[in-house]
Amino acid sequence: MSDGATDPNGLLVLIRHGETPWSRVGRHTGVTDLTLTDRGEQQARDQGSMLRGHRFAMVLCSPRLRARRTSALAGYPDPAIDEEAVEWDYGGYEGITTKQIIEMRGGEPWDVWHNGVIPGATPGETPEQVQARAQRVIDKCTDCLCQGEDVLLVAHGHFLRMLAVTWAGLPIEAGAILRLETGSVCELGYEHDRQAILRWNCPPDPRVDFS
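First, a word on what this report is: a plain description of the structure on this page.

Conventions we followed
All residue numbers refer to positions counted from 1 along the written sequence of the respective chain. Local features in this predicted model are restricted to residues whose pLDDT is 70 or higher, and side-chain atom pairs enter the listing and the counts only when it is 80 or higher, whereas totals over whole chains, interfaces and linings include all residues. Calculated side-chain values reflect all of the structure's heavy atoms, with hydrogen atoms and water omitted. Only runs of H or I of at least four residues qualify as helices and only runs of E of at least two qualify as strands under DSSP, and these elements are numbered from the N terminus. Categorising residues by exposure relies on relative accessible area from a 1.4 Å probe, with only protein chains included: less than 20% of the type maximum marks a residue as buried, more than 50% marks it as exposed, and the intermediate range marks it as partly exposed. Positive charges come from Lys and Arg, negative ones from Asp and Glu, while His and the chain ends are left out of the count. Whenever a carboxyl oxygen of Asp or Glu lies within 4 Å of a side-chain nitrogen of Lys or Arg, that contact is scored as a salt bridge. Two N or O atoms form a polar contact when they lie within 3.5 Å of each other; inside protein one atom must be a possible hydrogen donor and the other a possible acceptor, and for residues adjacent in sequence the pair counts only when both atoms belong to side chains. A pair of strands is treated as paired once DSSP finds two or more bridges between them. Contacts: residue pairs with any heavy atoms within 4.5 Å of one another. Axis lines are fitted to C-alpha atoms, over the contacting stretch for helices. Their N-to-C directions set the angle, which ranges from 0 to 180 degrees. Multiplying one less than the number of residues by 1.5 Å gives the expected span of a helix.

### Here we look at the side chain of Glu87
- Mapping Glu87 onto the fold places it in the loop between strand S3 (80–81) and helix H3 (98–104).
- Within the buried core, Glu87 has no salt-bridge partner, and the shortest N-O distance to an opposite charge, that of Arg16, equals 5.7 Å.
- In this structure the side chain of Glu87 is engaged in a polar contact, spanning 2.9 Å, whose partner is the backbone nitrogen of Phe159.

Below, the structure written as structure tokens:
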């Protein structure tokens, strides 16, 4: 993987699922179980080309169809399904765009990191609840990473951003500056024994060898 592979600890590689019909137009997709668009499927194949069949001691994947399909097309068809790795429960903001949410709030600025969500068909989650889930997923990876083995996690945009700030010891609000596109590949690891973000939001380019 990256130069950080010389570190005695392993690497935690993150891939965001490929494009879906809702992500293409900016609709918040939490519990809604969508599949990939044609472009999303190609993004997943390109992610697999970047990873070149890299061997991971553990492959974790959200149970959502878009994540499982991405994992399969990337070359990892039998991941361990982790219910903790689902996307943020957006509650009353499920299925709508940021622009629509701001209109609902009478023009008041909004982002999920600072303002959270409102209840809807589902209760929604606070940022702290999502961070707690992210920490539990990190904890599941710790043994492998400490043994120098790499782990792959296939999940969702806001959840992976929360996981990254949790990994790096940053405040929750820092997730707002970590843009993460569909189909992207990221790498978390260590820098001088500190947990660090080594690569972020790398586009799915089959010409790039991530291994």
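### Describing the sheet that holds strand S2 (residues 58–61)
- With respect to topology, 6 strands assemble into an open sheet ordered S3-S2-S4-S1-S5-S6, the strand pairing being mixed. Every other strand in the sheet has two partners, leaving S3 and strand S6 (194–202) as the edge strands with one partner each.
- With 6 bridges connecting them, strand S5 (residues 185–191) and S6 associate as antiparallel partners. In the strand pairing of S6, Gly189 is matched with Ala196.
- Relative to S6, helix H6 (residues 157–168) is tilted by about 150 degrees, and along the sheet it contacts strand S1 (12–16), strand S4 (151–155), S5 and S6.

### Side note on the environment of Trp200
- Relative to the assigned elements, Trp200 resides in strand S6.
- For the pair Trp200 and Ser184, spaced 16 residues apart in sequence, the C-alpha separation works out to 8.1 Å.
- Non-local contacts of Trp200, meaning those with residues more than four positions away in its chain, are made with Leu14, Leu160, Arg161, Ala164, Leu178, Arg179, Leu180, Val185 and Cys186.
- From its side chain, Trp200 meets the backbone oxygen of Arg179 in a polar contact 2.9 Å long.

### With respect to helix H1 (residues 38–51)
- Compared with an ideal rise of 1.5 Å per residue, which puts 14 residues at 20 Å, H1 spans 20 Å between its outermost C-alpha atoms and is within 8% of the ideal.
- Summarising the contacts, the buried residues of H1 are in contact with S1, helix H2 (65–73), S4, S5 and S6.

### Some words on unusual backbone geometry
- In the Ramachandran plot, His192 falls in the positive-phi region, its phi being about 50 degrees despite a non-glycine side chain.
- Counting through the fold element by element, His192 comes out in the loop between S5 and S6.
- Note on His192: relative accessible area 68%, which makes it exposed.
- The phi dihedral of Asp193 falls on the positive side, at around 70 degrees, and the residue is not glycine.
- Structurally, Asp193 can be placed in the loop between S5 and S6.
- Asp193 sits in the exposed class, given a relative accessible area of 66%.

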